[in-house]
Amino acid sequence: MIKNSILVFILIISFTACNEPDENFGLVIHGGAGLIKKENMTPELEKQYETKLTEALAKGYSILKSGGSSRDAVEQTIQIMENSPLFNAGKGAVFTHDGYNELDAAVMDGKTLEAGAVAGVRNVKNPITLARKIMENSAHVMLSGNGALEFAREQGLEIVDSSYFFTERRWKSLQKALKDKKFGTVGCVALDKEGNLFAGTSTGGMTNKQYGRIGDSPIIGAGTYANNNTCAISATGHGEFFIRYTVAHEISALMKFKNYSLDDAAKLVINGTLKKAGGEGGLIGIDCKGKITMPFNTPGMFRGFATSDGERGIFIYKE
Ligand code: ASP
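Residues numbered from 1 in each chain as written. Predicted model: local features only at pLDDT ≥ 70, side-chain atom pairs only at ≥ 80, totals over all residues. Heavy atoms only, no water.

Student: Mind showing me how you'd approach the pairing of strand S11 (residues 300-307) here?
Tutor: Residues in a regular strand project their side chains so that they alternate between the two faces of the sheet. Along S11, 8 of the 8 residues are buried, which leaves the element largely enclosed by surrounding structure. In S11, alternate side chains face the same way, and those of Gly300, Phe302, Gly304 and Ala306 on one face and Met301, Arg303, Phe305 and Thr307 on the other are all buried. As paired elements, strand S1 (residues 26-34) and S11 share 7 bridges and run antiparallel to each other. The residue bridging glycine 26 from the neighbouring strand is threonine 307, located in S11. Bridge analysis of S11 against strand S12 (residues 312-317) gives 5 bridges, and the strand direction is antiparallel. (Buried < 20%, exposed > 50% of the residue type's maximum accessible area, 1.4 Å probe, protein only. Helix = DSSP H or I, 4+ residues; strand = E, 2+ residues; numbered from the N terminus. Pairing = 2+ DSSP bridges.)

Student: I'm lost on the packing of helix H2 (residues 43-65) against helix H3 (residues 70-82) in this one. Help?
Tutor: It is the contact of H2 with H3, at a shortest axis distance of 8 Å, that shows an interaxial angle of 160 degrees. The angle between H2 and H3 places the two elements in the roughly antiparallel class. Crossing of H2 over H3 shows right-handed handedness. In contact with Lys52, Leu53, Glu55, Ala56, Lys59, Gly60, Ile63 and Leu64 of H2, H3 contributes Ser70, Asp72, Ala73, Gln76, Thr77, Ile80 and Met81. The residue makeup of the contact of H2 with H3, split by class, is 7 nonpolar, 4 polar and 4 charged. (Axes fitted to C-alpha atoms, helices over the stretch in contact; angles between N-to-C directions. Parallel < 35°, antiparallel > 145°, perpendicular 65-115°, else oblique. Left-handed = near helix turned anticlockwise from the far one by under 90°. Contact = heavy atoms within 4.5 Å. Nonpolar A, V, L, I, M, F, W, Y, C, P; charged D, E, K, R; others polar.)

Student: Which parts of the structure should I look at to understand the site of the ligand?
Tutor: Taken together, 13 residues are adjacent to the ligand, and Gly184, Thr185, Arg213, Asp216 and Gly237 come closest. Between a nitrogen atom of the ligand and a main-chain N or O atom of glycine 237, the distance comes to 2.7 Å. In this structure, an oxygen atom belonging to the ligand sits 3.0 Å away from a main-chain N or O atom of glycine 239. Against a free-state accessible area of 260 Å², the protein chains account for coverage of 100% of the ligand. (Near = heavy atom within 4 Å. Polar contact = N/O pair within 3.5 Å; in protein donor to acceptor, adjacent residues only side chain to side chain. Areas by Shrake-Rupley, 256 points an atom, 1.4 Å probe, with all protein chains shown as cover.)

Here it is in C-alpha cells:
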C-alpha cells in the first residue's frame, strides 16, 4: 500500500515535471554522422564546419531565448544548414545513382503530435519548410515527388532549378561511392520556454541511392519524433536500420514505459541495438527538462548544443 502510494507520488511528480513549463530551453543540432575523422579533414574545412554549426546554433538559441517557439527555432536552424554546401541537405545534398538530388525532410510537434514530411523532391530549396507547410496547411502527413512539388508551389515556397544542388564535392563523392556507402544529414531538436518540444530532420539521403529510395529522416518514429511527455529526436545514419528499428520512437517508448532517462535510452539504442545489427549512425535528443543527448557509433558526427543554463558546445569527432 505504502509502496503503491510512493509510486503514484513519483508518477505525479514526473508527469507534472514534464508538463509545466519552467523556462528551461535549449536545442541540439547535428550535421550528419559517418566516417568523419581528423585525418580526413583539413583545418580549413574543419573551421568551415565549426563556423556554420555555430551560426545555426546561435540562430535557434536566439529564437528560444527571446521566447520564440521550438517550431520556429528548429525550422530556421535547419534552413541555415540546408543553405550551406557543407551538409548533405538542401544545397549540399548528395547525388542519387542516376545523378539527381532527391531530398527528404520531416518535422514533428511534441505538443500536438502533428507531423509533416516530404520525400524525394528535386526542386525545393528548403525541404524543412515544405515539411512544416505540409504539417500546418495540408490534410496529410507525408507528400512525395511531383505532388509535393505542386504543393510547394501552391504554398509559395522557393523552387530552384536542379542545377542549384550541383556541388563538385558531392559529384566526386558519387563517383567514389559507386564503390562504398556514404551518408550525412542535418537535424535540430528544441525545447522552448513553454515546455514544447519540436524535432526536424532534412537530408539528401545516401549517396548512390537507387529507385526512388526513401530513408528514415522523413519517417515519423524512425528518423524524426517528438512528444512533450518524453523527448524530441532527430537521427542520422544508415536509414534502413533506423526504419527497421523505429529508432526515434523506440527511445521515447523506453522513456515512457521503462522510465529510462533520455541519455540511457538513446545510448542503449545507438550503441546496443543498432550496433549489434550493424546499423551505423547517431542521433540528437532533448527532453522536456532540457536534458540533451548526442550518441553515435561512427567515428564522428557534426553536432552542437546550447541550453538555457549557459552550457554550449560544438563537436565533430569522438571526444
Ligand atoms: N539517414 C539518412 C538516410 O538514410 C542519411 C543520413 O543520415 O546520413 O537517408
